[in-house]
Amino acid sequence: MAFNCCCDWSSKLPDELTVEILCRLPEKPLIQFKSVSKAWYLLISDVCVPRISSSAPLSGFLFRLIPLLPFSDFLMEYVPSDCPRTLRDRGRFVESYSKLLPFQPTGRDVLDCCNGLLLILHRSSVPPSSVPSQYYVCNPATKQCVAIPVNPNHLDPICAVLAFNPVESPPNNTNNNNYKIVRLASSASTASVTHPPELDVFSSVTGKWVNHPVPLQPESELYGFKWLFKSVYLDGVLFMLSYSRYLLCFDLNADNLNPRAVKLPNKGKALGVGFIGMSKDCFYYSNHVENAILVWSLDHDHQWILKHSICIDDLVRFHHGRILDRYRLSLLLVPCALHPTSEVIFIAIPRMIFSYNLKTNQFNVFYMLQEYRNLIDDGCFFFPYSRCLVVLNDFTQVKMDC
Amino acid sequence: MSSSLEKNMLILRSSDGEEFIVPEVVAVMSKAIKNMVEDECASNTIPVPNVDANILAMVIEFCKKHDESEAEAASDLKTFDSEFVNRGQEALYDLITAANFRDVKELLDALCQNVAEMIKGKSVHHIRIQFLGYQLFEILTSNFIWNIWCDRDFD
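Labelled according to an unreviewed UniProt entry, chain B appears under the name SKP1-like protein 4, originating from Camellia lanceoleosa.

Chain A is annotated in an unreviewed UniProt entry as F-box protein from Camellia lanceoleosa.

Here is the structure:
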């Protein structure tokens, strides 16, 4: 009988132990047990879900393709990391998030993917548009999609990036999701000393867009250049690359974003602007310099430390020589992704994705693309994806409550 | 008493006064005891408050097995673990608190995993009654409120 049950675990067991137990549950019962009691609801959504999501294993990669057939649009493709050569989950993942949206997204609409959340842009169908861009944030794991409040100034559909870390929860807020969307308000290519570049930052906690001027030094080398819309978010700092070979750092928790520019390491003659990524809570920059792929990490004093050097001639000699040889001098031969938890980098050339183990120096074909598809070439839209169970705030409901 | 004790043996005294003679290597699997031994703030007899003889014996049995079987196949140890933690709810609860309080990581892992296995197939209703000692009134009200407030589709 319920009345003489002697095992009132909830009041006797300390929260830390309840969390230890709950964190070992599979996803589905864990989420169901939110409705057991208020205490469990709070423990699961504030502690267990962020903890599980931040240590979730890599599920796969989501990337943008150019179809080689005429008149067709960009596509997204998903490759699970455990069995990349099977056709099993391929279309399913893309279909699963597409279904959440009120329109059919193409490959061009998926702007970013950060720790399990996707940022998607709905472009207005009539250019030049008078309708502001509508952004959506999707969580494919929980099948949730929220429309981000529009900013009336966002008339041209410009790229934006997403900054999200499941373990960063805002103080005094029971909703544990805290993500930010960052987009250019006015571009650095038209910036001047009197008109520094501006960023619009949307915060899921406030539900509002805020404009921040981000003056950068040295102006002469930074203004007048485009930025690469590929970002890395680590410890509250958003990193981006400028085509003038600078790393841009914005502290998203600071009121003025504390903008800084760090000159990229320049050893020999680099080909392109390079790649930025993150693995095991460490930031990396990589580029193809002369005959090698070099990988640097950035220390706290903004000094570059050369970590790895992969000789391209060795790769060509020992592996897949004929295919790789064509890209020997190409700026495509840079990493497109880092494995978030192990020392593996991924390199994509138009028809193939390779994995390279930095410890064992093993170089393997990870995935081969279908005949009529081609990977888009700047590596910008190649995202590691891992499942995240956080529940997103619904901004339309918030509005109605007010 | 301590003079007759073999070298590298410790005496653990449970909350109800029973004493257990345990090799030091086994006792220090508890981080709390390890710290006491390392700080040399413990005599040969270490009091283990909050843990009664019954539970302390179980914890020691677990630690001994884990100490002996370091070289043994991991699968054997796993079978032992799963059998060891297969107990009634009350003993399980006491063991978890003891393992947490004494900081015995392997035991805590095995126990939490076991409880997770126990509850993962159960319904929300079942968990409320069996683990949280909910009473009928609470179930009726909380069911209603909670199902409205936080039920979401999850696939």
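Caption draft 1: View of the overall build of chain A. Helix and strand content of chain A: nine helices and 24 strands. Expressed as a percentage of the 402 residues in chain A, the buried residues total 55%. Within chain A, contacts between residues at least 6 apart in sequence are counted, and of these 49% link residues at least 24 apart. Surface exposure of chain A reaches about 18300 Å², of which carbon and sulfur atoms provide 53%.

Caption draft 2: The arrangement of the packing of aromatic side chains in detail. Residue and element names in this part refer to chain A. Tallied over the entire structure, the rule returns 22 aromatic pairs over all chains. When the centroid spacing of 5.9 Å and the interplanar angle of 35° are considered together, the rings of Trp227 and Phe250 count as tilted. Placement of the pair is Trp227 in strand 11 (residues 227-234) and Phe250 in strand 13 (residues 246-251), with a sequence separation of 23 residues. According to the relative accessible area criterion, Trp227 is buried, its value standing at 7%. Taking relative accessible area as the criterion, Phe250 reaches 0% and is therefore assigned buried. Here the aromatic cluster, defined as three or more aromatic residues joined through ring pairs, consists of Phe61, Phe63, Phe346, Phe366, Tyr367 and Phe382.

Caption draft 3: Local environment of the state of the cysteines. With the rule as written, the count across this model stands at zero disulfides over all chains. You can see Cys23(A) has no disulfide; the closest cysteine sulfur is in Cys48(A), sitting 3.8 Å from it. Here Cys112(B) is not disulfide-linked; the sulfur of Cys23(A) is the nearest cysteine sulfur, at 9.7 Å.

Caption draft 4: Looking closely at helix 4 (residues 38-54) of chain A. All names here are of chain A. Between its first and last C-alpha, helix 4 extends 23 Å over 17 residues, near the 24 Å set by a 1.5 Å rise per residue. Along its length, helix 4 shows its largest kink, about 40°, at Ile44. Restricting attention to buried positions, one finds in helix 4 the residues Trp40, Tyr41, Leu43, Ile44, Ser45, Cys48, Val49, Pro50 and Ser53.

Caption draft 5: Spatial organisation of the environment of Leu56(B). Residues and elements named next belong to chain B. Relative to the helices and strands, Leu56 resides in helix 3 (residues 53-68). The sequence separation of Leu56 and Glu18 amounts to 38 residues, and the corresponding C-alpha distance is 9.5 Å. If we skip the residues at most four places from it in the chain, Leu56 touches Leu12, Arg13, Ser14, Phe20, Val48 and Val51.

Caption draft 6: Layout of a negative patch on the surface. Residues Asp16(B), Glu18(B), Asp52(B), Glu90(B) and Asp94(B) make up a contiguous surface patch of negative charge. Mapping Glu90(B) onto the fold places it in helix 5 (residues 89-102).

Caption draft 7: Representation of the layout of surface pockets within the structure. Residues and elements named next belong to chain A. In this model, the largest pocket occupies a volume close to 830 Å³. In terms of lining residues, the largest pocket is bounded by 44 residues, among which Asn115, Tyr233, Met278, Pro340 and Pro384 are the most central. Those elements that place two or more of their residues in the lining of the largest pocket are helix 4, strand 3 (110-114), strand 7 (160-164), strand 11, strand 15 (275-279), strand 19 (335-338) and strand 24 (382-385). Element by element, the count of residues in the lining of the largest pocket is highest for strand 11, at six residues. Residue composition of the lining of the largest pocket, by class: 27 nonpolar, 11 polar and six charged.

Caption draft 8: Layout of the sheet that holds strand 18 (residues 304-311) of chain A. Residue and element names in this part refer to chain A. Reading across the sheet, the four strands line up as 15-16-17-18 and stay open at both edges, with antiparallel pairing between neighbours. Looking at strand neighbours, the two that pair on one side only are strand 15 and strand 18, the edges of this open sheet. Geometrically, the sheet is characterised by an average inter-axis angle of 25° between neighbouring strands, direction not taken into account. Two elements, strand 17 (residues 292-298) and strand 18, share seven bridges in a ladder whose sense is antiparallel.

Thresholds applied
- Residues numbered from 1 in each chain as written.
- Chains lettered and ligands numbered in written order.
- Predicted model: local features only at pLDDT ≥ 70, side-chain atom pairs only at ≥ 80, totals over all residues.
- Heavy atoms only, no water.
- Helix = DSSP H or I, 4+ residues; strand = E, 2+ residues; numbered from the N terminus.
- Buried < 20%, exposed > 50% of the residue type's maximum accessible area, 1.4 Å probe, protein only.
- Contact = heavy atoms within 4.5 Å.
- Areas by Shrake-Rupley, 256 points an atom, 1.4 Å probe, with all protein chains shown as cover.
- Phe/Tyr/Trp six-rings, centres within 6.5 Å; stacked < 30°, edge-to-face > 60°.
- Disulfide = S-S within 2.5 Å.
- Expected span 1.5 Å × (residues − 1).
- Bend = angle between axes of the 7 residues up to and from the residue.
- Patch = residues over 30% accessible without salt bridge, like charges linked within 9 Å, V, L, I, M, F, W, Y side chains within 5 Å.
- Salt bridge = Lys/Arg side-chain N within 4 Å of Asp/Glu carboxyl O.
- Lys, Arg positive; Asp, Glu negative; His and termini not counted.
- Charge placed at Lys NZ, Arg CZ, Asp CG, Glu CD.
- 1 Å grid on protein atoms, 1.4 Å probe; cavity = no way out; pocket = protein on both sides within 12 Å on 5 of 7 lines; lining within 4 Å.
- Points joined across faces, edges and corners; volume = space filled by probe spheres on them.
- Nonpolar A, V, L, I, M, F, W, Y, C, P; charged D, E, K, R; others polar.
- Pairing = 2+ DSSP bridges.
- Axes fitted to C-alpha atoms, helices over the stretch in contact; angles between N-to-C directions.

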